[in-house]
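# Coordinate analysis (summary)
The primary structure of each chain is shown beneath.
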Amino acid sequence: MSDLVLFWHRRDLRVSDSIGLATACETNARVVGVFCFDRAILSQGVAPARVTYLVGCLKRLAEDYRQAGSELLFLDGDPIVKIPQLASTLKATAVHFHLDVEPYSRTRDERVIAALTAQNIQAHPQWDRLLHEPNAIQTGNKQPYTVYGPFWRNWSSQPKPAPVEVKLPPSALTPAERQALTLVPTIDLPTAQELGFTWDQPLTQELGTRAAEQILTKFCHRAIVEYDEQRNYPAVTGTSEMSAALVFGTIGIRTVWAATTTAMTEARSDEARTGITTWQQELAWREFYQQAMYHFPSLALGPYRDHFKQFPWRNDETQFQAWCEGKTGYPIVDAAMRQLNSIGWMHNHCRMIVASFLTKDLIINWQRGEKYFMERLIDGDLSANNGGWQWSASSGMDPKPLRIFNPYTQAQKFDPEGDYIRQWVPELKPIATNLILSGNILPLTRHQVGYPLPIVDHAVQQRLFKDLYASVKGA
Ligand SMILES: Cc1cc2nc3c(=O)[nH]c(=O)nc-3n(C[C@H](O)[C@H](O)[C@H](O)COP(=O)(O)OP(=O)(O)OC[C@H]3O[C@@H](n4cnc5c(N)ncnc54)[C@H](O)[C@@H]3O)c2cc1C
């Protein structure tokens, strides 16, 4: 009997605070990691920035395994075939991994579990990526929550698990095992380019666990206390910028939560305590959307609200392209889209502004925006992205659905000096702030600086959207 078990990494690229890895290590077996490049995922509109980030984090993870005297193996292909093959070739007794809420992952995992079981190899799936697994937080009627407020009240009242200690044992492969690996060819860690993705900008989010821990420590010592005040201003670094680390699990969610409770203990003012609570609420939004995706997988395919299935979207292709390229003539919208296109990340408040603009001003189906975001975001995540888009489009679980953002008042309120707009739309730099924010830039001036006229009239489109919304709701 071999004394080897595998830990299959997916969106948990770390060797600390990992429930599944800790369980694998408790078996007293050698523990070897594996990551499989799943072409089915990589072929579905994945952002080059995200793949570049993934590969960089895998490099750090492989170093962590090496330092512990173990290793991280890489496979290329269908995990349903490759993972059981590898386990059987190495005569591993078990494969440990973490569960996911996404429909594709759930189907894949069921099939991997069946294939492993058929070969008498134990499959050990466990929940890890949420503080509370999807079935743990339910309404009084044992139903999943569909409204965030009551979800937060229940979720925040539950005790939170502490970070998990992992003791990765030295786990060198034997010469015979290494020889056997030729039967299931493992690959060297590919570059993003070798996987078919080109991203030639520097990544704005740093790679790996140590970087994530440092960002968390810094954020919880400083910006978190002002988070409630600063989080909506895109020109200010007022948010954690930890989203990619949380999506790829380079840091454990229990570690993140523990840092917030330490910050709360050390907080000296009501403002600080409010900032910390507000940030904890964002972590709860993350869990709310993930439990929603788990319980309502059809969210991935279309609107939560049935009447939205018939919504008569205008879907003007030229306007969609202008939105994608940041050339709508609405400065705050264009700044945000250009930020996304340039660095693969966009400030949360701007995500709401551009999503509202696409759906309520251009009257373009939110699913086009959802897809475009997934093709660009370094932190692209089905549950959070879908939740954000459905919230913005009014098709989701929001109990007050008909929200329309006015791009001018949003800019006046949240970019009052026009700094964010000028950073990303440099042709507007010479124009007076009040004109940039109000949109009252003369056509001739727009022409002179090479900035487009507004592609639609916000007031007209707002009325049109409301009429269309009333018609589908009535029907
Ligand atoms: C249309 C739209 C699309 C979005 N797409 C994504 C996406 O693909 N991936 C993604 O991680 N987030 C998405 N969000 C949520 C949010 O914009 C980002 O999580 C946030 O901007 C990341 O920056 P940060 O790490 O500085 O966040 P912080 O403000 O520091 O928040 C801390 C963490 O809480 C979580 N979080 C914060 N806000 C939300 C939210 N509204 N929903 C879910 N989780 C949240 C994130 O994990 C984030 O890193 C989207 C929001 C909208 C409106």
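Conventions we followed
Residues numbered from 1 in each chain as written. Predicted model: local features only at pLDDT ≥ 70, side-chain atom pairs only at ≥ 80, totals over all residues. Domains from an automatic or database assignment. Contact = placed C-beta atoms within 7 Å. Nonpolar A, V, L, I, M, F, W, Y, C, P; charged D, E, K, R; others polar. Core = buried A, V, L, I, M, F, W, Y, C linked by C-beta atoms within 7 Å. Buried ≥ 20, exposed ≤ 12 C-beta atoms within 10 Å, placed from the backbone. Helix = DSSP H or I, 4+ residues; strand = E, 2+ residues; numbered from the N terminus. Near = placed C-beta within 6 Å.

### As for the domain arrangement of the protein chain
Here the domain parsing of the protein chain yields domain 1 (4-129), domain 2 (130-162 + 209-295) and domain 3 (306-474). On a C-alpha basis, the centres of domain 1 and domain 3 stand 38 Å from each other. Between domain 1 and domain 3, the contact holds 7 residues from the first and 10 residues from the second. Of the residues in the side of domain 1 that touches domain 3, the class split is 4 nonpolar, 1 polar and 2 charged.

### A few points about the nonpolar core
Counting 119 residues, the largest nonpolar core has Leu-6, Ala-87, Val-95, Ala-336, Val-354 and Ile-421 as the members making the most contacts within it. Discounting residues that sit within four places of it in the chain, Leu-6 has contacts with Val-32, Val-34, Leu-86, Ala-87, Ala-92 and Val-95.

### Some remarks on the environment of Ala-40
With respect to the helices, strands and loops of the structure, Ala-40 is situated in helix H2 (residues 39-42). Note on Ala-40: 12 C-beta atoms within 10 Å, which makes it exposed.

### Structural notes on the site of the ligand
Close to the ligand lie 28 residues, the nearest being Thr-239, Ser-240, Asn-348, Asn-385 and Gly-388. Contributions of two or more residues to the shell around the ligand are made by helix H10 (243-248), helix H12 (270-295), helix H15 (348-361) and helix H17 (382-393). For the shell around the ligand, the element with the highest residue contribution is H17, accounting for 6 residues. Here the residues of the shell around the ligand sort into 12 nonpolar, 9 polar and 7 charged. Counting the residues that make up the shell around the ligand, at least three belong to each of domain 2 (130-162 + 209-295) and domain 3 (306-474).

### Remarks on the environment of Cys-25
Within the secondary structure layout, Cys-25 lies in helix H1 (residues 19-26). Overall, the presence of 23 C-beta atoms within 10 Å leaves Cys-25 in the buried class. Taking the C-alpha atoms as reference points, Cys-25 and Ser-356, 331 residues apart in sequence, are found 47 Å from one another. Excluding residues that lie within four positions of it along the chain, Cys-25 makes contacts with Val-31, Val-166, Lys-167, Leu-168 and Pro-169.

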